[in-house]
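The chain contents come next:
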Amino acid sequence: MGTLGVYIQVPFCQTKCTYCNFRTGVVSPRRFTPYSEAVCREILEHRCLLETSGVRTSALSAAAEPMVDTVYVGGGTPSLLEPHLLAEMLQALRESFRCEWSEVTLEADPETIEAENAAAWAATGFTRISFGSQSFVDEELRAAGRMHRREDIYRAVPILRAAGIRNISFDLIAGLPKQTNASWRQSLGETIALAPEHISIYMMEIDEGSRLGLEVLQGGARYSAPALPSEEAMAEFYEFAQAQLKAAGYLQYEISNWAKPGFESRHNQKYWRREPYLGFGAGAHSFSGSQRWANCHDAAAYVAAITKGNSAIETVDELTPSMTLEEELFLGLRQSEGLNLLRIERQYGVSVAEKSAQLARAGMVEVQGDVLRLRPEKLSVSNEIIVELLRGVQAIA
Ligand code: SF4
């Protein structure tokens, strides 16, 4: 039976964090209801909207009607929405798909969590909270333009637990302005002490898509660009976290993700394993196995299109065999389960055996039987290794 993940994008935030390169906006709460109504309508009419956009829905599942087993409501800050709006989105899913949910995640920032909301989320069916903690150091949170402070984290976690949320994932960022060795150890230590089931650690990304990134490229100090840790320091933070989390009983199952056994994110694993998922909302992406498509990013344009009964899909990309192979290598090697070389050979008629052996001799990867993995201590330079591997792909005659 084919299973399907569903992602719902809520692109609204209370303020814009200085490092954020997501297409999210700060808007009046009056826009939340029309947006939620558009998402519900897109869900209810998805089959027709997809077909008019050139998407082959037959590719979504081997079964006539796929079953939704994971849902992820992300953003932005979806916890800003009134709980009944989130409940209506989940209800639209129940009315549109066969549903047997094993994991229903809501992204929630600490300052938005109140007992009433949390109880409503749990009653609606959310089983997992992806908690935007980011740091436990107020100076770093302030410099990054975050709304919450350390005390909000300690206020919010017991509220979530009391509401019956048994699966909480903490986000931490390595490389925030003003972060030091000591402050990183503090954030990591306080995270571990709160014993969440799952921890994600993201390395600070610097590009022209954020105010902080622009400041790094163009100069200035308003967003604390001169106080960013060096790349070497960030790599040290990451490696320190790997050791500490392992010692605390967390398994690293992906480059940025650690979980207590059994709490790996089932929804996010679909992305890395190239399993099908449907995205709803402005800027949401979808994948069927042979096509990738995306809605327009602008929330107002999205609402206008759906309200008129039109699709909001902006791009539909057909995957060629070489694009698929590239995805397989990039996504497969992000995971600690690694990549099955025999399957790659059979499916794509190519071999990466020679290059894998060369990289193994250089201590970058390990090959066990048919499985190729990045060495755990090389995960912080994974992109370079994967690019090198792609260069060594050879066609099998
Ligand atoms: S809360 Fe998240 S999505 Fe919103 S501005 Fe901050 S980093 Fe970006």
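In this text, all values refer to a predicted model and were calculated from it rather than measured experimentally.

Engineer: I'm lost on the overall build of the protein in this one. Help?
Structural biologist: Counting secondary structure elements, the protein contains 15 helices and 17 strands. Each of the three principal axes of the protein carries a C-alpha extent, and together these read 60 × 55 × 45 Å. Across the 397 residues in the protein, those meeting the buried criterion constitute 51%. Restricting to contacts in the protein with at least 6 residues of sequence separation, those with at least 24 account for 70%. Taken as a whole, the protein presents about 17,300 Å² of accessible surface, with 52% of it coming from carbon and sulfur.

Engineer: I'm lost on the site of the ligand in this one. Help?
Structural biologist: If you check the shell around the ligand, you find Cys13, Thr15, Lys16, Cys17, Tyr19, Cys20, Phe22, Thr24, Gly76, Thr77, Asp109 and Arg146 and nothing else. Considering only residue class, the shell around the ligand consists of five nonpolar, four polar and three charged.

Engineer: What is the right way to look at the packing of helix 3 (residues 83–96) against helix 4 (residues 115–124) in this model?
Structural biologist: Angle between the axes and distance between the axes are the two parameters that describe a pair of packed helices. Where helix 3 contacts helix 4, the two axes come as close as 10 Å, and the packing angle between them is 5 degrees. The angle between helix 3 and helix 4 falls in the class roughly parallel. Seen from helix 3, the contacting residues are Pro83, Leu86, Ala87, Leu90 and Arg94; seen from helix 4, they are Asn117, Ala120, Trp121 and Thr124. Along the lines of polarity and charge, the residues of the contact of helix 3 with helix 4 split into six nonpolar, two polar and one charged.

Engineer: Got a minute to help me understand the pattern of salt bridges in this structure?
Structural biologist: A side chain with one charge may pair with a side chain of the opposite charge, provided their charged atoms come close. Summed over the entire model, instances satisfying the criterion amount to 17 salt bridges. The partner of glutamate 197 in a salt bridge is arginine 161, and the shortest N-O contact between them spans 3.0 Å. Taken as a pair, glutamate 197 in the loop between helix 7 (181–193) and strand 6 (198–203) and arginine 161 in helix 6 (residues 150–162) lie far apart in primary sequence, 36 residues in all. The class for arginine 161 is partly exposed, based on a relative accessible area of 24%. In this structure, arginine 292 engages glutamate 327 in a salt bridge whose closest nitrogen and oxygen atoms are separated by 2.7 Å. With arginine 292 in strand 11 (residues 291–295) and glutamate 327 in helix 12 (residues 321–334), the pair connects residues that are 35 residues apart, well separated along the chain. Relative accessible area serves as the criterion here: at 15%, glutamate 327 is assigned to the buried category.

Engineer: Hey, could you run me through the nonpolar core in this one?
Structural biologist: Counting residues in hydrophobic clusters, the biggest one holds 86 residues, and the most contacted among them are Trp121, Phe131, Ile201 and Tyr302. Ignoring sequence-local partners within four residues, the contact set of tryptophan 121 consists of Ser79, Pro83, Leu86, Leu106, Ala108, Thr112, Ile113, Phe126, Ile129 and Leu160.

Engineer: How do you make sense of the sheet that holds strand 16 (residues 371–374) when you look at a structure like this?
Structural biologist: In a beta sheet, neighbouring strands are held together by backbone hydrogen bonds and run either parallel or antiparallel to one another. The strand order 13-16-15 describes an open sheet built from three strands, whose pairing is antiparallel. Each edge of the open sheet carries a strand with a single partner, namely strand 13 (339–340) and strand 15 (365–368).

Engineer: Is there a simple way to think about the environment of alanine 248 in this case?
Structural biologist: As for its position among the elements, alanine 248 is in the loop between helix 9 (231–247) and strand 7 (251–254). Through-space distance from the C-alpha of alanine 248 to that of lysine 260 is 9.2 Å; in sequence the pair is twelve residues apart.

What counts as what
- Residues numbered from 1 in each chain as written.
- Predicted model: local features only at pLDDT ≥ 70, side-chain atom pairs only at ≥ 80, totals over all residues.
- Heavy atoms only, no water.
- Helix = DSSP H or I, 4+ residues; strand = E, 2+ residues; numbered from the N terminus.
- Buried < 20%, exposed > 50% of the residue type's maximum accessible area, 1.4 Å probe, protein only.
- Contact = heavy atoms within 4.5 Å.
- Areas by Shrake-Rupley, 256 points an atom, 1.4 Å probe, with all protein chains shown as cover.
- Near = heavy atom within 4 Å.
- Nonpolar A, V, L, I, M, F, W, Y, C, P; charged D, E, K, R; others polar.
- Axes fitted to C-alpha atoms, helices over the stretch in contact; angles between N-to-C directions.
- Parallel < 35°, antiparallel > 145°, perpendicular 65-115°, else oblique.
- Salt bridge = Lys/Arg side-chain N within 4 Å of Asp/Glu carboxyl O.
- Core = buried A, V, L, I, M, F, W, Y, C linked by side-chain atoms within 4.5 Å.
- Pairing = 2+ DSSP bridges.

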